[in-house]
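Here is how the chains run, residue by residue.
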Amino acid sequence: MAIVTSQAELQFVVITPHTSSDATHQIQRSSVSTIVARRLKESSTAILTKFHAGFFRVSLSLGGQALLWKTLMGPTDDTSSLRITLHMFHPRAFTLLWSFAFLTLVLLSVLYLLRCLFYFKMVKEEFLHHVGVNYLFAPSISWLLLLQSAPFFTPNNHSYVVLWWVFAVPVVVLDVKIYGQWFTKGKKFLSAVANPTSQLSVIGNLVGAQAAANMGWKESAMCLFSLGMVHYLVLFVTLYQRLPGTDRLPTMLRPAFFLFFAAPSTASLAWQSISGAFDTASKMLFFLSLFLFMSLVCRPTLFKRSMRRFNVAWWAYSFPLSVLALASTEYAEEVKGGLARLLMLVLLAFSVLVAIGLILFTLLNTKMLLPHNDDPTASHLDSHLPEVSRQRKSATTTSTVQTNDKTCV
């Protein structure tokens, strides 16, 4: 009996270390998985809370470039050597560009949908912001640009019609809300909230009109075109006069001044699609956009402070240049003169170089894409950050104050 007992005790002693070792490994694995899950949650929270509609500047730029190159590689009556050279580019290069723009827009749209699902209060605050609300038009504009430049189906396709409705309806809904606030009394009337980004609401109507005209829907196109142009005239006069309260664009967002010539450029293209020719009205709008472009280019000091550190606001340079180059292409095809072709070449080269430069800057500065504390479109959302982030921020502030106190002592 003693031997059995000792064997039992010895057996118990031998088994116990293995059991504790397995439990230790399980605890370690569970702790590692917990840490990984916590890190993923924190990173996803940081991305969704700092992400905003202003990031759709990237998709606007890529969509404008896709539409520009589809026009350049499409059928034309211009027999100049420049257009013949441009037609030598392989169609797969354009398909690759369009696919890259499409994947970028899909990624941005998914992120914003997740933001709407999990942080709807921050989206609501963005809607109430005088700058952030205008970029809510950017997703619809981006999708309409990719719809027009899509290499897979024509405007006569049934899918084209369905997608046009899906992307154009949000523009009209935002029009009803924002334009209604502009001419009614309250804190949101035009003279109090007008800024250069307000022209995105006009561009949304004009891009929708151009897409509708391509389908042959002249009445719908005229409706959107007239809605956009009437409000553009009022907005342009308001911004031109600099009434009290209209100069509310932070220094960081000064690249949005390029939207001044993006609106008339888009209007010239939309009217060409409606009328069927680059007629006198389209030329007048093109000349206006060219004049505004030259006025801004001759004042580089206006953008000096906003160019000190890379941020996503830099992408505001690209889309206006793309639509201006596209309008110059249509103008050169209509006029067929040497000076018009030279102007088209200069604007086309400028547009492509700026787009390539922005892509390279973005790849080299991916850590600087998410807005910092000085981002004017994200700072007003700080009150809706998760509790953990606010506690960390308060702890950091407290430690900084304590350090300063010790230094003073």
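See the structure above.
Below is a short write-up of the structure. (Residues numbered from 1 in each chain as written. Predicted model: local features only at pLDDT ≥ 70, side-chain atom pairs only at ≥ 80, totals over all residues. Heavy atoms only, no water.)

## Topic: the packing of aromatic side chains
In step 1: If you walk through the whole model with that rule in mind, you get 31 aromatic pairs.
In step 2: Each ring, one from Trp143 and one from Phe167, has its centre 5.4 Å from the other, and the planes form 15°; the classification is stacked. With a gap of 24 residues between them, Trp143 in helix α6 (residues 138-149) and Phe167 in helix α7 (residues 158-182) connect regions that are remote in the sequence.
In step 3: Look at Trp143 and you get buried, because its relative accessible area is 19%.
In step 4: Centre to centre, the rings of Phe258 and Phe303 are 5.5 Å apart; their planes meet at 80°, and the pair counts as edge-to-face. Within this pair, whereas Phe258 is found in the loop between α10 (218-241) and α11 (259-275), its partner Phe303 is found in the loop between α12 (280-297) and α13 (318-335), the two being separated by 45 residues in sequence. (Phe/Tyr/Trp six-rings, centres within 6.5 Å; stacked < 30°, edge-to-face > 60°. Helix = DSSP H or I, 4+ residues; strand = E, 2+ residues; numbered from the N terminus. Buried < 20%, exposed > 50% of the residue type's maximum accessible area, 1.4 Å probe, protein only.)

## What about a nonpolar patch on the surface?
In step 1: On the surface, a nonpolar cluster with roughly 410 Å² of combined accessible area is contributed by Val110, Leu114, Leu117 and Phe118.
In step 2: Position of Val110 among the secondary structure elements: in helix α4 (residues 91-118). (Patch = residues over 30% accessible without salt bridge, like charges linked within 9 Å, V, L, I, M, F, W, Y side chains within 5 Å. Areas by Shrake-Rupley, 256 points an atom, 1.4 Å probe, with all protein chains shown as cover. Salt bridge = Lys/Arg side-chain N within 4 Å of Asp/Glu carboxyl O.)

## Considering the layout of surface pockets
In step 1: The computed volume of the second largest pocket comes to approximately 660 Å³.
In step 2: Forming the boundary of the second largest pocket are 25 residues, of which Thr71, Asn214, Gln272, Ser273 and Glu330 lie nearest the centre.
In step 3: By residue class, the composition of the lining of the second largest pocket is 11 nonpolar, eight polar and six charged. (1 Å grid on protein atoms, 1.4 Å probe; cavity = no way out; pocket = protein on both sides within 12 Å on 5 of 7 lines; lining within 4 Å. Points joined across faces, edges and corners; volume = space filled by probe spheres on them. Nonpolar A, V, L, I, M, F, W, Y, C, P; charged D, E, K, R; others polar.)

## Some words on α11
In step 1: The first and last C-alpha atoms of α11 sit 24 Å apart over 17 residues, in line with the 24 Å expected at 1.5 Å per residue.
In step 2: For α11, the buried fraction is high: 15 of the 17 residues fall into the buried class.
In step 3: Positioned one or two residues after α11, Gly276 has a phi angle of 90°, which is positive. (Expected span 1.5 Å × (residues − 1).)

## As for the environment of Val161
In step 1: Counting through the fold element by element, Val161 comes out in helix α7.
In step 2: On a C-alpha basis, the gap between Val161 and Leu147 in space is 10.0 Å, while along the polypeptide they are 14 residues apart.
In step 3: Discounting chain neighbours no more than four positions away, the residues touching Val161 are Pro155, Met215 and Trp217. (Contact = heavy atoms within 4.5 Å.)

## Regarding the side chain of Ser198
In step 1: Residue placement: Ser198 occurs in the loop between α8 (190-193) and α9 (199-214).
In step 2: Since its relative accessible area comes to 2%, Ser198 is described here as buried.
In step 3: With residues near it in sequence (within four places) discarded, Ser198 still touches Asn134, Trp182, Val193 and Leu235.

## Quick notes on helix α2 (residues 57-73)
In step 1: Counted at 1.5 Å a residue, the expected span for α2 with its 17 residues is 24 Å, and the 25 Å between its end C-alpha atoms agrees.
In step 2: The buried fraction of α2 amounts to 14 of the 17 residues, a majority that puts the element mostly inside the structure.

## Some remarks on the pattern of salt bridges
In step 1: For the structure shown, the criterion picks out one salt bridge.
In step 2: We note a salt bridge from Glu126 to Arg115, for which the minimum N-O separation is 3.6 Å. Here the residue Glu126 occupies a position in helix α5 (residues 120-128), and Arg115 occupies one in helix α4, the gap between them amounting to 11 residues.
In step 3: Overall, Glu126 belongs to the buried group, its relative accessible area being 2%.
In step 4: Owing to a relative accessible area of 0%, Arg115 belongs among the buried residues under this scheme.

## Let's talk about the packing of α12 against helix α14 (residues 338-364)
In step 1: At a closest axis distance of 14 Å, the pairing of α12 and α14 adopts a crossing angle of 55°. Compared by their axis directions, α12 and α14 come out oblique. In this structure, α12 crosses over α14, and the sense of that crossing is left-handed. Here α12 contributes Phe286, Leu290 and Phe293 to the contact with α14, which in turn contributes Leu343, Leu347 and Phe350.
In step 2: Considering only residue class, the contact of α12 with α14 consists of six nonpolar, no polar and no charged. (Axes fitted to C-alpha atoms, helices over the stretch in contact; angles between N-to-C directions. Parallel < 35°, antiparallel > 145°, perpendicular 65-115°, else oblique. Left-handed = near helix turned anticlockwise from the far one by under 90°.)

## Regarding empty space enclosed by the protein
In step 1: Per the counting criterion, the structure on display carries five cavities of 30 Å³ or more.
In step 2: Taken as a whole, the largest cavity encloses approximately 130 Å³ of empty space.
In step 3: Forming the boundary of the largest cavity are 13 residues, of which Val133, Ile178, Gln181, Lys188 and Val193 lie nearest the centre.
In step 4: The set of elements that each furnish at least two residues to the lining of the largest cavity consists of α5 and α7.
In step 5: The element contributing the most residues to the lining of the largest cavity is α7, with three residues.
In step 6: Its residues assigned to classes, the lining of the largest cavity shows six nonpolar, six polar and one charged.
In step 7: Looking at the second largest cavity, its volume works out to about 70 Å³.
In step 8: Along its surface, the second largest cavity is lined by Arg57, Leu60, Tyr135, Leu200, Leu259, Trp315, Ala316 and Phe319.
In step 9: Residue classes in the lining of the second largest cavity are distributed as seven nonpolar, no polar and one charged.

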